[in-house]
Amino acid sequence: MINFFKKLDWLLLTAIVLLCIYGLIMIYSAGMLLGYELHEDYAYFFDRQKTWLYLGIPVFIAAIITPYKLYDRLTPLLVALSIFSLLLVLVPFIGNEVNGARSWFQLGSISVQPAEIAKLVMIIYFARVYARKQPYIHQFGKGVAPPLAVLILILFLIILQPDVGTGSMITIACGAILICSGARWKHILLLGSVAALAIFILAKTASYRWARITSFVDPFGDASDTGFQLVESFIAIGNGGLLGRGLAQGVHKLGYLPEAHTDFILAVISEELGIFGILILFLLYGIVLVRGVRVGVSLKDPFGKLLAFGITFQISSQVFINAGAVSGLVPITGITLPFISYGGSSLLITIFAAGILVHLSKHATIAREAREETETTWGQKVTS
C-alpha cells in the first residue's frame, strides 16, 4: 500500500486538494449576503458546500484506490442507471423545477443532479467503447458511429430538462475522447459540423437561449436586461486590479452580480483577489491539465489512456468555457467553475473523476518506469 501511494502523482493530487480549499473559501465570501437574505445565515452556502466536501473526501480516496478497470466492467450498468435517473428527473412531483429547469430530484435532504453524473458516465462509456474499437477506429460505420446513439439519447434527455450547457460539456468531452482514439479527421469534422448545427438550431428555437448567445456580442446594448450580468462581471473584474479589494471586501456580490457564488464566482475572485488571485487559480488548473495529459500519454492501455484524456479535457474545457463566459469571450451557458462554484452534485462528481485521474497516475508512473528501464537496458546492450 505504501508503494501504491509512492507512485501517485502527488503534484496533481495537491493541486486538486488546493482547488477544493480555494473554492470553499470563495463560496463563503461570494455567498455570504445571499445566504443571510434567504436563510439569515452568512455561512449557509459555505456550510452546505463544506458538507459536500466532507462527503467528497472518502469518495476521492475510494476513487484513488479502486482499480480503474472495474469501471470498464460496470459500464453497461452505469449507462443504464444514468438513463433511468435522467428519465426519473423529468417526472412531475419527482424532479424539482428550479429557474425553469427540471434538473434535480431529492434524496432525503440531498439534491441530486443526474446530468452531472451523466458527464462522468459518458466519459467512461466512450473510453470503453473506443478502446475496444481500436482495430477498426478508422471505419465510420463500424468504429465511430455505434456509441453515438447512446450519446444522442443522453443529450436528448438532458435537453428536455432543459440543460443545454451540461449537454454541451458532455459533447465536448466525448469529442475529445474521439479525437484521442485515433479516428479520422474527416469523420471528426463531419460530426463536429453536425453538433455545431444542432446547437445553432437549439439556440434559435428558444428566445432566451438566443438572447444569451447574442448578448455577449454587445452586452452594453441592453445593459439593464440581457447584458446586465455580463456588464456587472466586467465592472467587478475591472475593480479588482492587480491585488484586488481584499478577501470578502468585494461589492458586486452584494446584489449587483447574479449567481455570484455559482456561475460568476470567477468575477468575485477577480474583484477580491485581483489578477494575482486569478493567476494562482489558473496555475492550479494548469497543473491538472498538464499532469492529466502526461498521465494519458504515458498509459499503454487504451481504456485507461482515453479515460485519462476524457476526464482531463472535461475539467479543462469547463474551466475555459466558464472563464470565457465571465469575461465575455463566449456566450453565457450556465457552466460552473470546477471545484470552485457552489453545487454539491457537481463538486462530488468532479472530485470522484479527479480521484480516478490520480489513480491512473499510478499506472502511468509504472508504465514510464518500465519504459525507462527497457531503454536503459537496451542502451547498455548497444554500448557493450
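Residues numbered from 1 in each chain as written. Predicted model: local features only at pLDDT ≥ 70, side-chain atom pairs only at ≥ 80, totals over all residues. Heavy atoms only, no water.

Concerning the overall build of the protein chain
The helix and strand inventory of the protein chain stands at 14 helices and three strands. The globule rule puts the C-alpha radius of gyration for 384 residues at 21 Å, and the 22 Å found for the protein chain is close to it. Going through the 384 residues of the protein chain one by one, you find that 49% of them count as buried. Here the analysis covers contacts within the protein chain between residues at least 6 apart in sequence; of these, 70% occur between residues at least 24 apart. Surface accessibility of the protein chain: about 18,000 Å² in total, with carbon and sulfur atoms responsible for 68%. (Helix = DSSP H or I, 4+ residues; strand = E, 2+ residues; numbered from the N terminus. Rg over C-alpha atoms; globule rule 2.2 N^0.38 Å. Buried < 20%, exposed > 50% of the residue type's maximum accessible area, 1.4 Å probe, protein only. Contact = heavy atoms within 4.5 Å. Areas by Shrake-Rupley, 256 points an atom, 1.4 Å probe, with all protein chains shown as cover.)

Some words on the layout of surface pockets
Empty space among the atoms becomes visible once a probe the size of a water molecule is rolled across them. Taken as a whole, the second largest pocket encloses approximately 300 Å³ of empty space. In terms of lining, the second largest pocket is formed by 16 residues, of which the most central are Ile117, Leu120, Leu348, Ile349 and Phe352. Looking at the lining of the second largest pocket, the elements with two or more residues in it are helix 3 (44-65), helix 4 (69-88), strand 3 (110-112), helix 5 (114-132) and helix 14 (344-383). A class-by-class count of the residues in the lining of the second largest pocket yields 13 nonpolar, three polar and no charged. (1 Å grid on protein atoms, 1.4 Å probe; cavity = no way out; pocket = protein on both sides within 12 Å on 5 of 7 lines; lining within 4 Å. Points joined across faces, edges and corners; volume = space filled by probe spheres on them. Nonpolar A, V, L, I, M, F, W, Y, C, P; charged D, E, K, R; others polar.)

A closer look at a nonpolar patch on the surface
A surface patch of nonpolar side chains, about 630 Å² in accessible area, is lined by Leu242, Leu243, Ile275, Phe276, Leu279 and Ile280. The topology assignment puts Ile275 in helix 12 (residues 265-298). Since its relative accessible area comes to 45%, Ile275 is described here as partly exposed. (Patch = residues over 30% accessible without salt bridge, like charges linked within 9 Å, V, L, I, M, F, W, Y side chains within 5 Å. Salt bridge = Lys/Arg side-chain N within 4 Å of Asp/Glu carboxyl O.)

With respect to the environment of Gly95
Among the secondary structure elements, Gly95 is positioned in strand 1 (residues 95-98). Sequence separation between Gly95 and Leu148 is 53 residues; the distance between their C-alpha atoms is 27 Å. When residues no more than four places from it in sequence are discounted, the contact partners of Gly95 are Leu88, Val89, Arg102, Trp104 and Phe105.

Observations concerning the packing of aromatic side chains
Summed over the entire model, instances satisfying the criterion amount to 10 aromatic pairs. Aromatic pair Phe282 and Tyr285: ring centres 6.0 Å apart, planes at 65 degrees, arrangement edge-to-face. On the criterion of helical spacing, the pair formed by Phe282 and Tyr285 is a turn pair, its members being three residues apart in helix 12. The partly exposed category is assigned to Phe282, whose relative accessible area is 27%. Residues Phe309 and Phe313 carry aromatic rings whose centres are separated by 6.1 Å and whose planes lie at 20 degrees to one another, so their mutual orientation is stacked. In this pair, Phe309 and Phe313 are both assigned in helix 13 (residues 302-326), four residues apart and thus about one turn of the helix distant. Relative accessible area serves as the criterion here: at 9%, Phe309 is assigned to the buried category. Classification of Phe313 as partly exposed rests on a relative accessible area of 28%. An aromatic cluster of three or more residues is present, and its members are Tyr44, Phe45 and Tyr342. (Phe/Tyr/Trp six-rings, centres within 6.5 Å; stacked < 30°, edge-to-face > 60°.)

Remarks on helix 2 (residues 10-39)
Since the α-helix packs 3.6 residues into each turn, any two residues three or four apart lie on the same face. A maximum bend of about 55 degrees is found in helix 2 at Gly31. The N-terminus of helix 2 is capped by Asp9, whose side-chain oxygen sits 3.2 Å from the backbone nitrogen of Leu11. Where helix 2 ends, the next residue or the one after it, Glu40, has phi of about 55 degrees, a positive value. (Bend = angle between axes of the 7 residues up to and from the residue. Polar contact = N/O pair within 3.5 Å; in protein donor to acceptor, adjacent residues only side chain to side chain.)

Observations concerning unusual backbone geometry
The phi dihedral of Ala248 is positive, around 70 degrees, even though this residue is not glycine. Turning to its location among the elements, Ala248 is positioned in the loop between helix 11 (228-240) and helix 12. Even without glycine at this site, Phe339 takes up a positive phi of about 70 degrees. Here Phe339 shows up in the loop between helix 13 and helix 14.

Some points on the packing of helix 4 against helix 7 (residues 148-159)
Remark: helix 4 packs on helix 7, axes separated minimally by 9 Å, with the N-to-C direction vectors making an angle of 25 degrees. Looking at the two axes, helix 4 sits roughly parallel to helix 7. Crossing of helix 4 over helix 7 shows left-handed handedness. Contacts from Val79, Ser82, Ile83, Leu86 and Leu87 in helix 4 reach Val150, Leu153, Ile154, Leu157 and Ile158 in helix 7. Looking at the contact of helix 4 with helix 7 residue by residue, the classes come out as nine nonpolar, one polar and no charged. (Axes fitted to C-alpha atoms, helices over the stretch in contact; angles between N-to-C directions. Parallel < 35°, antiparallel > 145°, perpendicular 65-115°, else oblique. Left-handed = near helix turned anticlockwise from the far one by under 90°.)

Description of the pattern of salt bridges
Tallied over the full model, the rule gives seven salt bridges. Across the pair Asp72 and Arg132 runs a salt bridge, and its minimum N-O distance is 3.2 Å. Linking Asp72 in helix 4 with Arg132 in helix 5, this pair joins segments that are 60 residues apart in sequence.

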